[in-house]
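These are the residues of each chain, in order.
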Amino acid sequence: MGKILVKQYAPFVILMIFAILALFVPLLPNFDEGKYSGPDMAFILIAAALVFLMTPGLAFFYGGMVHRKNVLSTMIKSVVAAGVITVLWTVVGFSLAFGDTIGGFIGNPSTFLFFKGVNSGAPHLQGGSDLTIPLSLFAVFQLMFAIITPGLVVGAVAERIRFTSYILFIVLFAIFVYSPLAHWTWHPQGFLFKMGVLDFAGGTVVHISAGMAALAGALVLKRRKSHLEHKEVPPANIPYVLIGTGLLWFGWFGFNAGSALGANSLAVSAFLTTNTAAGAAGLSWMFFDVARGKKPSVLGFCIGAVVGLVAITPGAGFVSIPSSIFIGAIAAVVSNLVVSWKQKTSLDDTLDVFPCHGVGGIIGMLLTGVFATKTVNAAGADGLFYGNPAFFVTQLKGAVIVIIFSFVVSFVIFKLVNLINPIRVSDEEEEIGLDASQHDEKYSQGTLLVDERAAYVASNSPIQEAL
């Protein structure tokens, strides 16, 4: 009984402790606005808002593809990260990712503890060049990336993971996977950054990390009952998937273009490569399905477009616009083939997060190593296609390091969470659906219309003739 009470009260108590401790953080003066660029600040504020929009977009995207009895539970797992990661990022996450480096592997947790000193506007990170935006704005822009990353993992473990266990996973993933990777890749003193690995907007930090965590989660949670019985799970609401795709595509402009950290020509180039790759990938997935004897589908185009957005992310500011067509088209075909292969195995990655985000991110990192060009970004490097195989090898090394690290640490986290609190729902809870068993709620979209039509027909009303 005591153990149950601890689990019941622990999340609230921890949050209240953080809330009280926050009252004792020393106040510092605000940043000097004269140091920064007004247009750049306006642009990154908008970009940060666009990236945040991707989180409810992801909720619609995933929520529309699961069984009707699991729609709400799937959607809230994406959205709740906005609360969990916001508090964690303010307390210690930003410090771990962008604080003073400890050996190039992690930030000092005391650097910006409880956002101490962030609003006073230090114009640069340790060892980096000056920013044209306040450090506080940089921090909130990076926060939006940290929010959506654990939300991506939801798709692989949907329809069977316990909500409280997932919350604990988010916390541990953010501390031990996301923050170290962000430090390695984007901090000027990070060891991957100093190695020469280029990741413009999160191919490694966001997509490979989430894809490998998804693979680890699917292995730890094992197969759903419907998967074991080879039952087809009909999507609850395909229009939701279409809405989610539109919101993700729209938000991705902030995701990639905003990573230029200024209203400049690099942002324009990243915007265009992002849109081009998404369009090419959506068509590639759909047409490849047709070539294999299937019919063109809404789901096919939507999934393909998201794969294209994933694949272009690491190279959005480093590759040319024509190259982005190739990157999107090839990434969609490869991910499509991996999905087909996965369906023949016992791996139960519910919504194909590993084939789409994991594989898509890997393809994007490698093709950045092929097609990156200094013509687009003088701070970058020419890739294999332009006569520099050394850079391709660097990208390959970086991808392999992130793949191994993300999978191993995520696997350990899932196992640890399972020891603390059972990670999988019971067979009975899975059968009735997680909406009811985990949240005591029910998704009823469309039910009223069906019931009214049946009632009219049964009562021989005039509507019956019209029907």
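Residues numbered from 1 in each chain as written. Predicted model: local features only at pLDDT ≥ 70, side-chain atom pairs only at ≥ 80, totals over all residues. Heavy atoms only, no water.

Things to note about the environment of Val 241
Part 1: Along the polypeptide, Val 241 turns up in helix α10 (residues 238–257).
Part 2: Residues Val 241 and Phe 43, 198 residues apart in the sequence, show an inter-C-alpha distance of 28 Å.
Part 3: Other than its neighbours up to four places away in sequence, Val 241 contacts Phe 60, Phe 61, Gly 64, Met 65, Leu 299 and Cys 302. (Helix = DSSP H or I, 4+ residues; strand = E, 2+ residues; numbered from the N terminus. Contact = heavy atoms within 4.5 Å.)

Some thoughts on the confidence of the model for the protein
Part 1: Taken over all residues, the pLDDT of the protein has a mean of 91, while the share at 70 or more is 92%.
Part 2: Across the protein, the secondary-structure element scoring lowest on mean pLDDT is helix α19 (residues 463–466), at 40, and the one scoring highest is helix α12 (residues 298–312), at 98.
Part 3: When the criterion is pLDDT under 50, residues 446–467 qualifies, and its contacts beyond four places in sequence or with other chains add up to six contacts. (pLDDT = per-residue confidence, 0-100.)

Comments concerning the pattern of salt bridges
Part 1: Under the definition given, this model contains eight salt bridges.
Part 2: For Asp 348, the salt bridge is made with Arg 160, and the minimal N-O distance between the two is 4.0 Å. Note that Asp 348 is positioned in the loop between α13 (321–342) and α14 (353–371) and Arg 160 in the loop between α5 (135–157) and α6 (163–186), a separation of 188 residues in sequence. Like Asp 348, the residue Arg 160 is buried in the burial classification.
Part 3: Glu 431 is the salt-bridge partner of Lys 225, the closest N and O atoms lying 3.7 Å from each other. In this pair, Lys 225 sits in helix α9 (residues 225–228) while Glu 431 sits in helix α16 (residues 427–432), placing the two residues 206 residues apart along the sequence.
Part 4: Assessed through its relative accessible area of 42%, Lys 225 is described here as partly exposed.
Part 5: If you follow the salt bridges from partner to partner, you end up with Glu 159, Arg 160, Arg 224 and Asp 348 in one network. (Salt bridge = Lys/Arg side-chain N within 4 Å of Asp/Glu carboxyl O. Buried < 20%, exposed > 50% of the residue type's maximum accessible area, 1.4 Å probe, protein only.)

Some words on α5
Part 1: In this model, α5 (23 residues) spans 35 Å end to end at C-alpha, consistent with the 33 Å of a helix rising 1.5 Å per residue.
Part 2: Judged by how many residues are buried, α5 sits mostly within the fold: 22 of 23 residues are covered.
Part 3: Looking one or two residues beyond α5, the residue adopting positive phi is Glu 159, at roughly 75 degrees. (Expected span 1.5 Å × (residues − 1).)

Let's talk about the packing of aromatic side chains
Part 1: Within the structure shown, the criterion is met by 29 aromatic pairs.
Part 2: Relative to Phe 112, the ring of Phe 94 lies with its centre 5.0 Å away and its plane at 35 degrees, an arrangement referred to as tilted. Taken as a pair, Phe 94 in helix α4 (residues 81–98) and Phe 112 in the loop between β2 (106–107) and α5 lie far apart in primary sequence, 18 residues in all. Of the two residues, Phe 94 and Phe 112, neither departs from the other in class, the shared state being buried.
Part 3: Considering the side-chain rings of Phe 407 and Phe 411, the 5.9 Å spacing of their centres and the 35 degrees angle between planes classify their relative orientation as tilted. With Phe 407 and Phe 411 both in helix α15 (residues 389–420) and four residues apart, this pair spans about one turn of that helix.
Part 4: Owing to a relative accessible area of 25%, Phe 407 belongs among the partly exposed residues under this scheme.
Part 5: On the basis of relative accessible area, Phe 411 is assigned to the partly exposed category, the value being 28%. (Phe/Tyr/Trp six-rings, centres within 6.5 Å; stacked < 30°, edge-to-face > 60°.)

A closer look at the packing of α5 against helix α8 (residues 203–221)
Part 1: At a minimum axis separation of 8 Å, α5 and α8 run at an interaxial angle of 35 degrees. The chirality of how α5 crosses α8 is right-handed. Between α5 and α8, the contacting residues are Phe 145, Thr 149, Leu 152, Val 153, Ala 156 and Val 157 on the first element and Val 205, Val 206, His 207, Ser 209, Ala 210, Ala 213, Ala 214, Gly 217, Ala 218 and Leu 221 on the second.
Part 2: Class assignment for the residues of the contact of α5 with α8 results in 12 nonpolar, four polar and no charged. (Axes fitted to C-alpha atoms, helices over the stretch in contact; angles between N-to-C directions. Left-handed = near helix turned anticlockwise from the far one by under 90°. Nonpolar A, V, L, I, M, F, W, Y, C, P; charged D, E, K, R; others polar.)

Observations concerning the state of the cysteines
Part 1: One pass over the full model with this rule turns up zero disulfides.
Part 2: Unpaired in terms of disulfides, Cys 302 finds its nearest cysteine sulfur in Cys 356, a separation of 12 Å.
Part 3: Take Cys 356: its relative accessible area is 7%, and that puts it in the buried class. (Disulfide = S-S within 2.5 Å.)

Side note on the packing of α6 against α8
Part 1: As a packed pair, α6 and α8 sit with axes 10 Å apart at the nearest point and diverge in direction by 140 degrees. Of the possible angle classes, the one that applies to α6 and α8 is oblique. Where α6 crosses over α8, the handedness of that crossing is right-handed. Side by side, α6 and α8 meet where Phe 169, Phe 173, Val 177, Tyr 178, Leu 181, Ala 182, Thr 185 and Trp 186 of the first sit next to Thr 204, Val 205, Val 206, Ser 209 and Ala 213 of the second.
Part 2: Here the residues of the contact of α6 with α8 are counted per class, giving 10 nonpolar, three polar and no charged. (Parallel < 35°, antiparallel > 145°, perpendicular 65-115°, else oblique.)

What to know about the environment of Gly 317
Part 1: Among the structural elements, Gly 317 can be located in the loop between α12 and α13.
Part 2: A relative accessible area of 0% means that Gly 317 is categorised as buried.
Part 3: When the C-alpha atoms of Gly 317 and Gly 93 are compared, they prove to be 26 Å apart, with 224 residues separating the residues in sequence.
Part 4: Leave out the neighbours within four places in its chain, and Gly 317 touches Phe 200, Leu 266, Ala 270, Val 376 and Asn 377.

Observations regarding a nonpolar patch on the surface
Part 1: On the surface, Tyr 9, Phe 12, Val 13, Leu 15, Met 16, Ile 17, Leu 21 and Val 87 cluster together into a nonpolar patch covering about 710 Å² of accessible area.
Part 2: If one sorts the elements of the nonpolar patch by residue count, helix α1 (residues 2–21) sits on top with seven residues.
Part 3: With respect to the helices, strands and loops of the structure, Met 16 is situated in helix α1. (Patch = residues over 30% accessible without salt bridge, like charges linked within 9 Å, V, L, I, M, F, W, Y side chains within 5 Å. Areas by Shrake-Rupley, 256 points an atom, 1.4 Å probe, with all protein chains shown as cover.)

Here we look at the environment of Thr 368
Part 1: With respect to the element layout, Thr 368 can be found in helix α14.
Part 2: Among the residues examined, Thr 368 registers a relative accessible area of 1% and is labelled buried.
Part 3: Sequence separation between Thr 368 and Phe 354 is 14 residues, and the spatial gap between their C-alpha atoms is 20 Å.
Part 4: If we skip the residues at most four places from it in the chain, Thr 368 touches Leu 198, Pro 314, Gly 315, Phe 318, Val 319, Phe 391 and Gln 395.

Some thoughts on the nonpolar core
Part 1: One finds Phe 61, Tyr 62, Phe 94, Phe 169, Tyr 178, Phe 255 and Phe 414 to be the most contacted residues of the largest nonpolar core, which totals 140 residues.
Part 2: Sorting elements by how many residues they give to this core places α5 first, with 16 residues.
Part 3: For Phe 94, the contacting residues outside a window of four places in its chain are Trp 89, Gly 99, Phe 112, Phe 115, Val 118, Leu 135, Phe 138 and Ala 139. (Core = buried A, V, L, I, M, F, W, Y, C linked by side-chain atoms within 4.5 Å.)

Section: the side chain of Ser 226
Part 1: Looking at the secondary structure, you find Ser 226 in helix α9.
Part 2: What makes Ser 226 buried here is its relative accessible area of 17%.
Part 3: The residues contacting Ser 226, other than those within four sequence positions of it, are Lys 231 and Val 233.

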